[in-house]
Every structure is written in structure tokens, then in C-alpha cells.
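Remarks on the overall topology
Here is how the chains run, residue by residue.
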Amino acid sequence: MSNTLEQGLLAELEGLEREGLRRSLRVIESEHGGRVTYGGRSVIMLSSNNYLGLAADPRVKRAAIAAVESYGVGAGASRLVAGNLEPLRQLEANVARLKGAEAALVFGSGYLANLGILTALTGPGDTIFSDQLNHASMIDGCRLARADLKIYRHCDTSHLKVLLEGSAAARRRLIITDSLFSMDGDFAPLTEIVDLARRFDAAVMVDEAHAVGVIGPDGAGLAAELGLREQVDVQMGTLSKALGAYGAYVAGSSVLIEFLINRARSVIFTTGLPPSVAAAADAAVGILRAEPERIRRLWANAAHVRSRLEAAGFSLGRTESPILPLIVGEAQAAVNMARRLFDRGVYVIAIRPPTVPIGTARLRITPIADHTRADLDEAVEAIIQCGRDLDLI
């Protein structure tokens, strides 16, 4: 690396450090669950999207191992070149069934899915209407698509309506939104969005990454909960959160999926998902549908933590879900609290800009179905004490 480049990078890293925005990787020495091993000790994990505890479920692990024995480790090449391995075909069929769609297509990650979908479906002459707080992968997909981008205020359908009224010249209109917003824990006003889409001849794309496994019949997500699966044109989601595996999918009409196979560059020009990962995700889909009590435990654990934290004086914003954003304010204050919690055996990460707006740094607390009530109470006591020590409550 040239000296000029390295010096410039070091200067930027030092600036991030001063602002409380520098990040680092932490090595977890165990499988993911309600507790993990970090730094040689057992700590309570409250920063995982493993909502249903399926990442370490023995049945999911066995499915992955069996797929390795039968199909090996890698997919060989792009699925269009090296072929479509059976675990992927089976996973796509079961995801389509879960989502109530004609077909589904698996991507290597949620980021790749959103980039591939948006750049395939839209381009110059089209208009995308995007919620202000949509995930970064959606934002980057919009940039790469080169369509006209209209950003509406968070969950503000009145503002969305105004923007739609001014889009008569667009060749194609696409409204995109997260269904469950990952940093605030609130749900999109999907019924109103669908109504507007009908009025203005727009298509709707919903990112259900944090909603699948959390809400809806069989844990199928917000569109299913509201009876809107047939009205949502593009149902995207991930396999890496409540389903505990890795990768992502899009579900919709057979025509949509066939089009994306031919036009989504992040499918065409990348190696297929490993068969072991596909088999693990498929096993998790089956468990999700067979064991609805997991979702009930998730919500009960989240409600317990929320009631105790709010009673202690913490603000959890506008959350409607098991995602509990404990708003701290300044980035350094959030970092300081997270460090104190690590010292007390509670693993929770400070979420800071640019992930969230300046002045809204937070601890994003996510109880999971596998947490014991004793562990949650221990974690809550630590959070309350640290909050008092830092004059946050």
C-alpha cells in the first residue's frame, strides 16, 4: 500500500475514533444462542437477529451436515453455468409455499438480493418511491438502478401520495419498503401503501428480512399477517435472521422469478448458495411452520424486557416488535454503555451513525425465543444499573 493511501486511511480511522464511530470485529467462540462465549466467558447475547434460536438447532445442523455428505461444500459456479443443486430447488419451493407465491429465487445474501432485484426491475425512465429508513441494501440498489428516486418520509403515506401524484411521466413506478424496520422496530403501513399502489398503477416491493419468523401465519411476515400477499408484487426476505442460516430470497409470480433469473446480475454472475446452507435454511423453514410456539416465546420474552426497561425510565422509541431500540443519544455515550455491559456479561452493541441518524445512537436489544427468563432478568438489571451510572435514567 502506498504511504499516501495508508496515511489517509489512518487519519480517517482516527477521526472515527474521536467521534465514537470506529467499529471492530469481535470473535465469538461458540455457536449462537441466548448465551455465547466471548473472551473466554459466557455472556448473554442481546445483539443477534437469531430471533427464534434456529442458528444452532440440532435439526438445522444435521440438515447442513447431510447436504455436505451428499453434495459437497460448494456450488461450483453460477447456477446458470454449473447447474441448480437439489437443496436449492427444494428450498425455493418451500419458501414459495411459505410466502404464498407461485415461485421463489434464492440469492447469496440480502444485500445481493436487493441490488439484483432493483437493478433488474427498474432503470432510467422509471421512478422508485423509497421509505426514508429503508435498509442500506435497498438504498444502494436504488443508486445502481439509475431510476428516478423519490424518498418519502418514514411511514408517511400522505407524503408518498404527493410523490406518486407527481410521477405521471414515469414508465414504471415501484414502491419499496421494509416491512419491519430493523433499527426502530416499527412496521410499515403496508395496507395504505398497497391502496396507493392500486390507485397510481405502481408495483410494491417489501423487504421482509426482519418480519419473517416474527409475525404472520406460519411466521410468513407482515404481508401475510395483513392478508396482502397477492397485492405485494415482490416479497423479498433473508434466510439469515429468524431462519438462522444465510442467504436471501425473492418470492412472487412465476413471470417475475423467470425474469430475475435472466436479468438479476447478482444471480447470473455469482456462485450459487452452498448446498449445506440451502439445506439448513430449508430445515429451518420446516421448523418455523411446525413450531409456532417459538414465535410466542419470542414475543413474550421481548414484552418482559420492554416492560421492565420502560418502567425503569428508558425510552424505546416507536417499536411495535421484539426489536427494542434503547435510545441513548450521542455515539460515545452509547459506546460507553455497551462497554460497561460487556464488563457485566451482557453482549449488546452500540448502533451509531450512519446506521441511524445523528443524535439517535442506541443499544439495539433483541431478546430471542431461547433466552431464559433468568438470563433476561440478569441482563435487564445490568442495563438499568449502567443507565443509572451514566445518568441516562
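Since the structure is predicted, the reported quantities are computational estimates derived from the model, not experimental observations.

**Some words on the overall build of the protein**
A tally of helices and strands in the protein yields 15 helices and 13 strands. Dimensions of the protein, computed from the C-alpha atoms along their principal axes, are close to 55 × 55 × 55 Å. Looking at the protein residue by residue over its 393 residues, the buried ones come to 53%. Long-range contacts, defined as pairs at least 24 residues apart, comprise 69% of the intrachain contacts of the protein with a sequence gap of at least 6. Here the protein has roughly 17100 Å² of accessible surface; of this, 51% comes from carbon and sulfur atoms. Put simply, the protein has 42 plus and 45 minus side-chain charges, and the middle of one group is 1 Å from the middle of the other.

**Focus: the packing of aromatic side chains**
Aromatic ring pairs are described here by two measures, namely the spacing of the ring centres and the angle between the planes. Throughout the structure, instances matching the rule amount to 3 aromatic pairs. Centre to centre, the rings of Y38 and F342 are 5.5 Å apart; their planes meet at 40°, and the pair counts as tilted. Of the two residues, Y38 sits in strand β1 (residues 35–38) while F342 sits in helix α14 (residues 331–343), which places them 304 residues apart along the sequence. Between the aromatic rings of Y38 and Y347, the centroid separation amounts to 5.6 Å while the plane-to-plane angle is 90°, which identifies the pairing as edge-to-face. With Y38 in strand β1 and Y347 in strand β11 (residues 346–347), this residue pair connects regions lying 309 residues apart in the sequence. Judged by relative accessible area, which is 9%, Y347 ranks as buried.

**Points about the pairing of strand β13 (residues 361–365)**
Most of β13 sits inside the fold, with 5 of its 5 residues counted as buried. Every second residue of β13 is oriented toward a common face, with A361, L363 and I365 on one face and R362 and R364 on the other, all of them buried. As paired elements, strand β10 (residues 324–329) and β13 share 5 bridges and run antiparallel to each other. Opposite P325, over in β13, you have R364 as the bridge partner. Here strand β12 (residues 350–351) runs beside β13; their pairing, made up of 2 bridges, is antiparallel. The partner of A350 across the bridge, within β13, is L363.

**Focus on the pattern of salt bridges**
One pass over the structure, following the stated rule, counts 26 salt bridges. Note that E291 is salt-bridged to R59, the shortest N-O span being 2.6 Å. Separated by 232 residues along the polypeptide, E291 in the loop between α12 (275–290) and α13 (293–312) and R59 in helix α2 (residues 58–71) bring together distant segments of the chain. Here E291 falls in the buried class, since its relative accessible area comes to 17%. R59 gets classed as partly exposed once you look at its relative accessible area, which sits at 33%.

**Considering the packing of helix α7 (residues 157–165) against helix α8 (residues 190–199)**
The interhelical angle for the contact between α7 and α8, taken along N-to-C directions, is 15°, at an axis separation of 10 Å. In terms of orientation, α7 and α8 fall into the roughly parallel class. Where α7 crosses over α8, the handedness of that crossing is right-handed. In this structure, α7 contributes T157, L160, K161 and L164 to the contact, and α8 contributes E192, I193, L196 and R199. Class assignment of the residues belonging to the contact of α7 with α8 gives a composition of 4 nonpolar, 1 polar and 3 charged.

**Section: the environment of L196**
Tracing the sequence through the fold places L196 in helix α8. When the C-alpha atoms of L196 and A145 are compared, they prove to be 23 Å apart, with 51 residues separating the residues in sequence. In this structure L196 touches T157, L160, K161 and L164, once residues within four positions along its chain are discounted.

**Describing the state of the cysteines**
The full count for this structure, using the stated rule, is 0 disulfides. Here C142 is not cross-linked by a disulfide; its sulfur's nearest cysteine counterpart is in C155, at 16 Å. C142 gets classed as buried once you look at its relative accessible area, which sits at 3%.

**Some details on the side chain of H210**
Following the sequence through the fold, H210 ends up in the loop between β7 (203–207) and α9 (222–225). A relative accessible area of 7% means that H210 is categorised as buried. One polar contact links H210 to Y51, side chain to side chain, over a distance of 2.7 Å.

**A word on α7**
Buried residues of α7: T157, H159, L160, L163 and L164, and no others. All buried residues of α7 lie within an arc of 150° about the axis, which places them on one face of the element. In α7, those exposed residues whose orientation departs by more than 90 degrees from the buried face are S158 and V162. Contact partners of the buried residues in α7: β4 (127–131), β5 (148–152), β6 (173–178) and α8.

**A look at the sheet that holds strand β8 (residues 234–238)**
Taking strand neighbours across the sheet as the criterion, the 7 strands line up as β3-β9-β8-β7-β6-β4-β5 in an open arrangement whose pairing is mixed. Two strands bound the open sheet, and with one partner strand each, they are β3 (103–107) and β5. On average, each strand axis in the sheet is inclined to that of its neighbour by 20°, with strand direction left out of account. Bridge analysis of β4 against β6 gives 4 bridges, and the strand direction is parallel. Within β6, the position partnered with I128 by the bridge is L174. Contacting β4, β5, β6 and β7, helix α6 (residues 136–145) crosses the sheet at an angle of about 160° to β6.

Criteria and cut-off values
Residues numbered from 1 in each chain as written. Predicted model: local features only at pLDDT ≥ 70, side-chain atom pairs only at ≥ 80, totals over all residues. Heavy atoms only, no water. Helix = DSSP H or I, 4+ residues; strand = E, 2+ residues; numbered from the N terminus. Buried < 20%, exposed > 50% of the residue type's maximum accessible area, 1.4 Å probe, protein only. Contact = heavy atoms within 4.5 Å. Areas by Shrake-Rupley, 256 points an atom, 1.4 Å probe, with all protein chains shown as cover. Lys, Arg positive; Asp, Glu negative; His and termini not counted. Charge placed at Lys NZ, Arg CZ, Asp CG, Glu CD. Phe/Tyr/Trp six-rings, centres within 6.5 Å; stacked < 30°, edge-to-face > 60°. Pairing = 2+ DSSP bridges. Salt bridge = Lys/Arg side-chain N within 4 Å of Asp/Glu carboxyl O. Axes fitted to C-alpha atoms, helices over the stretch in contact; angles between N-to-C directions. Parallel < 35°, antiparallel > 145°, perpendicular 65-115°, else oblique. Left-handed = near helix turned anticlockwise from the far one by under 90°. Nonpolar A, V, L, I, M, F, W, Y, C, P; charged D, E, K, R; others polar. Disulfide = S-S within 2.5 Å. Polar contact = N/O pair within 3.5 Å; in protein donor to acceptor, adjacent residues only side chain to side chain. Arc of directions from axis to C-beta.

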